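# Structural characterization, general
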Amino acid sequence: MRQLTVFDILPDNTGQPSGGKRRKRRPLKEEYDECVAALKERFDRHAEILARGTADPFYPDGVNANLVRNHILYYRKRLEEICSQTFLALPEIYFRPVPEPVSEDCMAPGSRAAKLRRTSIEGD
């Protein structure tokens, strides 16, 4: 007969007991590296949205820029958690200033969506 472990009684992400199945966790160093890469990508994406806009005709560029800003905040928080558990140093990208929120109605001058809106308004 098998001996019970803590994994037998802890609930998994569905709220049900795990039944002895252990969830495989990623190493924190791997998650750390992924968060650093994602944070760099999000900073670049935020700057690109403000400069060139997006091709999304249904939402203004400000909505998308604020969404990417929220991603930046998430990855910064996750890096704090990982570094507090592993005693790794916070990466240099962590100290880059977080972009300020922009108006949700903001449209970048060169965005495709801004051009579509202009032509639809002029066409009326």
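Relevant structure appears above.
Structural notes, computed from the coordinates.

Calculation notes
- Residues numbered from 1 in each chain as written.
- Predicted model: local features only at pLDDT ≥ 70, side-chain atom pairs only at ≥ 80, totals over all residues.
- Heavy atoms only, no water.
- Helix = DSSP H or I, 4+ residues; strand = E, 2+ residues; numbered from the N terminus.
- Buried < 20%, exposed > 50% of the residue type's maximum accessible area, 1.4 Å probe, protein only.
- Contact = heavy atoms within 4.5 Å.
- Areas by Shrake-Rupley, 256 points an atom, 1.4 Å probe, with all protein chains shown as cover.
- Salt bridge = Lys/Arg side-chain N within 4 Å of Asp/Glu carboxyl O.
- Expected span 1.5 Å × (residues − 1).
- Polar contact = N/O pair within 3.5 Å; in protein donor to acceptor, adjacent residues only side chain to side chain.
- Phe/Tyr/Trp six-rings, centres within 6.5 Å; stacked < 30°, edge-to-face > 60°.
- Lys NZ or Arg CZ within 6 Å of the ring centre and 35° of its normal.
- Core = buried A, V, L, I, M, F, W, Y, C linked by side-chain atoms within 4.5 Å.
- Axes fitted to C-alpha atoms, helices over the stretch in contact; angles between N-to-C directions.
- Parallel < 35°, antiparallel > 145°, perpendicular 65-115°, else oblique.
- Left-handed = near helix turned anticlockwise from the far one by under 90°.
- Nonpolar A, V, L, I, M, F, W, Y, C, P; charged D, E, K, R; others polar.

### Overview of the overall build of the chain
The secondary structure content of the chain amounts to four helices and zero strands. Secondary structure elements of the chain, listed N to C terminal, follow the sequence α-α-α-α. Residues classed as buried in the chain amount to 31% of the 124 residues present. Taking contacts inside the chain between residues at least 6 apart in sequence as the whole, the part at least 24 apart equals 63%. In the structure as shown, the chain presents an accessible area of about 9000 Å², 55% of it carried by carbon and sulfur atoms.

### So, the pattern of salt bridges
In the structure shown here, the tally under the stated rule is nine salt bridges. Several salt bridges share partner residues, and in doing so they unite Arg26, Glu31, Glu34, Arg78 and Glu81 into one network.

### Examining helix 2 (residues 28-52)
Between its first and last C-alpha atoms helix 2 spans 35 Å; for 25 residues at 1.5 Å apiece the expected length is 36 Å, and the two agree. On its buried side, helix 2 packs onto helix 3 (61-86). Where helix 2 terminates, the next one or two residues include Gly53, which has phi positive at roughly 80°.

### As for unusual backbone geometry
Backbone geometry places Phe87, a non-glycine residue, at a positive phi of 65°. With respect to the helices and strands, the residue Phe87 is situated in the loop between helix 3 and helix 4 (112-123). Of the residues examined, Phe87 reaches a relative accessible area of 75% and is grouped as exposed.

### Description of the side chain of Arg42
In this fold, Arg42 is placed in helix 2. There is a polar contact of 3.2 Å between the side chain of Arg42 and the side chain of His71.

### Let's talk about the packing of aromatic side chains
Going through the model one piece at a time under the given rule, you end up with two aromatic pairs. Judged by centre distance (5.2 Å) and plane angle (70°), the rings of Tyr74 and Tyr75 are edge-to-face. Look at Tyr75 and you get buried, because its relative accessible area is 18%. When the ring of Tyr94 is compared with that of Phe95, the centres are 5.2 Å apart and the planes differ by 85°; the resulting orientation is edge-to-face. Judged by relative accessible area, which is 8%, Tyr94 ranks as buried. Residue placement shows Arg76 over the ring face of Tyr94; its charged tip is 4.3 Å from the ring centre.

### Describing the nonpolar core
Counting 13 residues, the largest nonpolar core has Tyr32, Leu39 and Leu79 as the members making the most contacts within it. Residue assignment for this core shows that the elements contributing at least two residues are helix 2 and helix 3. Per-element accounting of this core gives the leading share, seven residues, to helix 2. Excluding residues that lie within four positions of it along the chain, Leu79 makes contacts with Tyr32, Cys35, Val36, Leu39, Leu90 and Pro91.

### Some thoughts on the packing of helix 2 against helix 3
Direction vectors running N to C along helix 2 and helix 3 enclose 155°, while the axes themselves pass 9 Å from each other. The angle between the axes of helix 2 and helix 3 places the two elements in the roughly antiparallel class. As for the relative orientation of helix 2 and helix 3, their crossing is left-handed in sense. Classifying every residue of the contact of helix 2 with helix 3 by side-chain character gives 16 nonpolar, five polar and seven charged.

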